[in-house]
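Residue-level structural notes
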Amino acid sequence: MKEKLYRFMQGRYGNDPLNRFLMIVSLIIMILAIIWKPQIYVIAIAVLGWGYYRMFSRKVYTRAVENQRYLEVRDSVLAKLDKKRNFLIQRKNYHIYKCPGCGQKVRVPRGKGKIQVHCPKCGEDFIKRS
């Protein structure tokens, strides 16, 4: 049986991160269909079908390009979320101001009172409260 499956999958694309994402999304939509509106179950089946179509496809290059686009979008979204997370973590100990001259973000420690901030990019000095 294992050999038959191996022969069947030869030349087919198989599983990748985009397929795993599609399977998770379809599972979430199925759970929402049970809890919320049964009509969206059709969307879950369509997403699941698309995932299986990609998995059994013989157009390996096309599926690889789709996966690469997905990875680029996923990585850019994760980078933005990581940037926001770091910003929220730094807000505990620092104020972050924009330079009035060039717009560069400048990080200033909290609790120092009124201080003169020097922009490292354009060299402009401005006074802010920390």
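Coordinates for the structure precede this section.
Residues numbered from 1 in each chain as written. Predicted model: local features only at pLDDT ≥ 70, side-chain atom pairs only at ≥ 80, totals over all residues. Heavy atoms only, no water.

What to know about helix α2 (residues 17-35)
Along its 19 residues, α2 runs 27 Å from first to last C-alpha, staying within 8% of the 27 Å computed at 1.5 Å per residue. Among all positions in α2, only Leu18, Asn19, Leu22, Ser26, Ile29, Met30 and Ala33 are buried. What you see down the axis of α2 is that its buried residues fit within an arc of 115°, all on one side. Along α2, exposed side chains directed more than 90 degrees from the buried face belong to Ile24, Ile34 and Ile35. (Helix = DSSP H or I, 4+ residues; strand = E, 2+ residues; numbered from the N terminus. Expected span 1.5 Å × (residues − 1). Buried < 20%, exposed > 50% of the residue type's maximum accessible area, 1.4 Å probe, protein only. Arc of directions from axis to C-beta.)

Regarding a nonpolar patch on the surface
Residues Ile24, Leu27, Ile28, Ile31, Leu32, Ile34, Ile35 and Trp36 make up a contiguous nonpolar surface patch of about 880 Å² in total accessible area. When you line up the elements, Trp36 lands in the loop between α2 and α3 (41-56). (Patch = residues over 30% accessible without salt bridge, like charges linked within 9 Å, V, L, I, M, F, W, Y side chains within 5 Å. Areas by Shrake-Rupley, 256 points an atom, 1.4 Å probe, with all protein chains shown as cover. Salt bridge = Lys/Arg side-chain N within 4 Å of Asp/Glu carboxyl O.)

As for a positive patch on the surface
A contiguous patch of positive charge, built from Lys83, Lys84, Lys98 and Lys105, is present on the exposed surface. Position of Lys98 among the secondary structure elements: in strand β1 (residues 94-98). (Lys, Arg positive; Asp, Glu negative; His and termini not counted. Charge placed at Lys NZ, Arg CZ, Asp CG, Glu CD.)

Some words on helix α1 (residues 2-9)
With zero of eight residues buried, α1 lies mostly on the surface of the structure. Where α1 terminates, the next one or two residues include Gly11, which has phi positive at roughly 85°.

Section: the nonpolar core
Counting residues in hydrophobic clusters, the biggest one holds seven residues: Tyr97, Cys99, Val106, Val108, Val117, Cys119 and Phe126. Excluding its chain neighbours within four sequence positions, the residues that come into contact with Cys119 are Cys99, Cys102, Gln104, Val106, Glu124 and Phe126. (Core = buried A, V, L, I, M, F, W, Y, C linked by side-chain atoms within 4.5 Å. Contact = heavy atoms within 4.5 Å.)

With respect to the packing of aromatic side chains
Enumeration over the complete set of coordinates arrives at three aromatic pairs. Ring centres 5.7 Å apart and planes at 65° place the aromatic pair Phe8 and Phe56 in the edge-to-face group. With Phe8 in helix α1 and Phe56 in helix α3, this residue pair connects regions lying 48 residues apart in the sequence. We classify Phe56 as partly exposed; its relative accessible area is 33%. Lying across the ring of Phe8, Arg12 places its NZ or CZ 4.2 Å from the centre. (Phe/Tyr/Trp six-rings, centres within 6.5 Å; stacked < 30°, edge-to-face > 60°. Lys NZ or Arg CZ within 6 Å of the ring centre and 35° of its normal.)

Some thoughts on the side chain of Arg54
With respect to the element layout, Arg54 can be found in helix α3. Overall, the relative accessible area of 0% leaves Arg54 in the buried class. A polar contact of 3.1 Å, which involves the side chain of Arg54, links it to the side chain of Asp16. Among the polar contacts made by the side chain of Arg54, one reaches the side chain of Glu66 at a distance of 2.7 Å. The contacts of Arg54, once residues within four sequence positions are left out, are Tyr13, Gly14, Asp16, Leu18, Asn19, Leu22, Arg63, Glu66 and Asn67. (Polar contact = N/O pair within 3.5 Å; in protein donor to acceptor, adjacent residues only side chain to side chain.)

Geometric values such as these leave the question of function open.
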